[in-house]
Amino acid sequence: MLRFIMAMCCVFGMIGPAAADEVFQFPQDPDEAEFIANEVIATFYHEIGHGLIDVLQIPVLGKEEDAADTLSVILMHDIWKEDSAAAILVSDALTYALRAGDLSIAPDPSVYADEHSLDIQRYFAVVCLFYGANPDMRRQLAVDLGLPDDKLESCPDAYLNARWSWDAMLAGTEPTQDTFGLVMAEGQEGMPLADLLAEEVASINQQFGLPEEITVTVADCGEANAFYTSDDKTITMCNEYAQDLQHLWQSQ
Ligand SMILES: [Zn+2]
């Protein structure tokens with residue numbers, strides 16, 4: 001039962017300021033736009049993790065937030081070719097690094113009680129799993145991102161464990177004419193964030209058939225966030241979340 005109470009899971013432990021009052025438009029700067037798009041995709045994959053755990057009634061042994069982060073990396077690895085997958089991972093890691101801020105300054109104690117792991121822990125976790133999925137190809141990337149030597153040794157096993165676990169839970173979910181999938185909310189065509197997500201929805205639906213629909217929507221939320229809600233089986237990606245990523249990029 002606790003799983004259902006906790007099923008609204010956001011991407012942040014700390015919620016950023018609300019700012020959206022219009023449809024989000026990607027910035028002109030290509031690097032800035034790519035960072036935002038990549039991190040929206042990584043976060044969307046994380047929310048899909050919550051959705052799959054809910055509709056497939058997957059047991060969660062440990063933090064559900066960590067499980068969702070793990071699925072996000074697995075989907076990056078599975079769906080994208082190497083250069084694009086690496087770019088998404090780097091954007092995801094950069095987001096955690098920027099949110100972690102100055103590690104010499106003790107964070108507010110409340111972050112230790114949050115359902116999410118600390119941002120710096122999430123940073124090393126996603127880098128480790130991504131590296132572990134293809135260590136021959138990604139060792140330099142992992143070194144460049146500061147993964148410690150002893151961690152480099154253990155990441156391939158960490159990935160295999162994560163891979164085996166998610167594969168076991170997703171076995172038998174191949175799409176058929178009797179299954180459902182992700183569905184974009186109506187009336188959002190032409191919105192840049194929605195169009196970006198629609199491509200991901202099509203890709204995910206080729207992989208998974210679900211016992212019920214999960215709706216995907218872009219909305220003004222009043223907070224910079226992204227979340228899955230089990231009562232209406234909906235993934236909501238907030239315009240404010242994309243705006244917050246833009247501010248994060250500009251804060252470097
Ligand atoms: Zn979450």
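Because the structure is a prediction, the values reported are computed rather than measured.

Asker: How should the overall build of the chain be read in this particular structure?
Answerer: For the chain, the count of helices and strands is 9 helices and 5 strands. Along its sequence from the N terminus, the chain presents helices and strands in the succession α-β-α-α-α-α-α-α-β-α-β-β-β-α. Relative to the 2.2 N^0.38 estimate, which gives 18 Å for 252 residues, the radius of gyration of the chain is 17 Å and therefore close to what a compact globule would have. On the principal axes, the C-alpha backbone points of the chain span a range of 45 × 40 × 35 Å. The buried share of the chain, reckoned over its 252 residues, is 37%. Long-range contacts, defined here as pairs at least 24 residues apart, represent 68% of the contacts in the chain between residues at least 6 apart.

Asker: How do you make sense of the pairing of strand 4 (residues 226-229) when you look at a structure like this?
Answerer: Two faces make up the sheet, and in a regular strand the side chains alternate between them. Here strand 4 runs beside strand 5 (residues 234-238); their pairing, made up of 4 bridges, is antiparallel. When the bridges of strand 5 are listed, Thr229 appears paired with Thr234. Taking the residues between adjacent antiparallel strands as the criterion, strand 4 and strand 5 are bridged by 4 residues, where Lys233 takes a positive phi near 50°.

Asker: For this particular structure, what's the right way to read the nonpolar core?
Answerer: Taken as a class, soluble globular proteins show a tendency for nonpolar side chains to be buried jointly. If you look at the biggest cluster of nonpolar residues, it comprises 59 residues, and the most contacted ones within it are Met76, Val126, Val127, Leu129, Phe130 and Met237. Among all residues touching Leu129, those that are not within four sequence positions of it are Thr70, Val73, Cys155, Ala158, Tyr159 and Ala162.

Asker: What should I look at first to understand helix 8 (residues 192-205) in this one?
Answerer: Residues spaced three or four apart along an α-helix face the same direction, because each turn holds 3.6 residues. If you check helix 8, its first and last C-alpha atoms are 20 Å apart, about what 14 residues at 1.5 Å a residue would give, namely 20 Å. Within the span of helix 8, buried status applies to Leu193, Ala194, Leu197 and Ile204. Along helix 8, the residues classed as buried sweep out an arc of 85° about the axis, all on the same side. Set apart from the buried face of helix 8 by more than 90 degrees, the exposed residues are Glu199 and Ala202. In this structure, the buried residues of helix 8 make contact with helix 2 (30-55), strand 2 (182-184), strand 3 (214-219), strand 5 and helix 9 (239-250).

Asker: What's the story with the packing of helix 2 against helix 8 in this structure? I'm lost.
Answerer: Contact pair helix 2 / helix 8: the axes reach a minimum separation of 11 Å and the direction vectors enclose 50°. It follows that helix 2 is oblique to helix 8 by the angle criterion. Crossing of helix 2 against helix 8: the hand is right-handed. Contact with helix 2, carried on its side by Ala37, Val40, Ile41, Phe44 and Ile48, involves Leu193, Leu196, Leu197, Glu200 and Ile204 of helix 8 and no other residues of that element. Per-class residue counts for the contact of helix 2 with helix 8 are 9 nonpolar, no polar and 1 charged.

Asker: What is the right way to read the environment of Thr95 from this model?
Answerer: Positionally, Thr95 belongs in helix 4 (residues 82-100). Judged by the 26 C-beta atoms lying within 10 Å of it, Thr95 falls in the buried class. Taking the C-alpha atoms as reference points, Thr95 and Phe24, separated by 71 residues in sequence, lie 19 Å from one another.

Asker: Is there a simple way to explain the environment of Ala87 in this structure?
Answerer: Turning to its location among the elements, Ala87 is positioned in helix 4. Through-space distance from the C-alpha of Ala87 to that of Val183 is 26 Å; in sequence the pair is 96 residues apart. Aside from chain neighbours lying at most four places away, what touches Ala87 is Glu34 and Asn38.

Asker: Would you mind going over the packing of helix 2 against helix 3 (residues 64-79) with me for this structure?
Answerer: Packed helix pairs are specified by the crossing angle of their axes together with the interaxial distance, meaning the distance between the axes. One way to put it is that helix 2 packs onto helix 3 with a least axis distance of 7 Å and a crossing angle of 120°. One finds that helix 2 runs oblique with respect to helix 3. Regarding helix 2 and helix 3, the two cross each other, and that crossing is right-handed. Here Ala42, Tyr45, His46, Ile48, Gly49, His50 and Ile53 of helix 2 come into contact with helix 3, specifically with Glu64, Ala67, Ala68, Asp69, Leu71, Ser72, Leu75 and Met76. In terms of residue class, the contact of helix 2 with helix 3 is made up of 9 nonpolar, 4 polar and 2 charged.

Asker: Looking at this model, I keep getting lost on the confidence of the model for the chain. Mind explaining?
Answerer: Detailed reading of the predicted coordinates is not advisable wherever pLDDT is low. Of the residues in the chain, 92% reach a pLDDT of 70 or more, and the chain-wide mean stands at 91. Below pLDDT 50 for its whole length, residues 1-9 participates in 16 contacts with residues either more than four positions away or in separate chains. Segment residues 13-18: pLDDT under 50, and 14 contacts once partners within four positions in sequence are set aside and those in other chains are kept.

Conventions used here
- Residues numbered from 1 in each chain as written.
- Predicted model: local features only at pLDDT ≥ 70, side-chain atom pairs only at ≥ 80, totals over all residues.
- Helix = DSSP H or I, 4+ residues; strand = E, 2+ residues; numbered from the N terminus.
- Rg over C-alpha atoms; globule rule 2.2 N^0.38 Å.
- Buried ≥ 20, exposed ≤ 12 C-beta atoms within 10 Å, placed from the backbone.
- Contact = placed C-beta atoms within 7 Å.
- Pairing = 2+ DSSP bridges.
- Core = buried A, V, L, I, M, F, W, Y, C linked by C-beta atoms within 7 Å.
- Expected span 1.5 Å × (residues − 1).
- Arc of directions from axis to C-beta.
- Axes fitted to C-alpha atoms, helices over the stretch in contact; angles between N-to-C directions.
- Parallel < 35°, antiparallel > 145°, perpendicular 65-115°, else oblique.
- Left-handed = near helix turned anticlockwise from the far one by under 90°.
- Nonpolar A, V, L, I, M, F, W, Y, C, P; charged D, E, K, R; others polar.
- pLDDT = per-residue confidence, 0-100.

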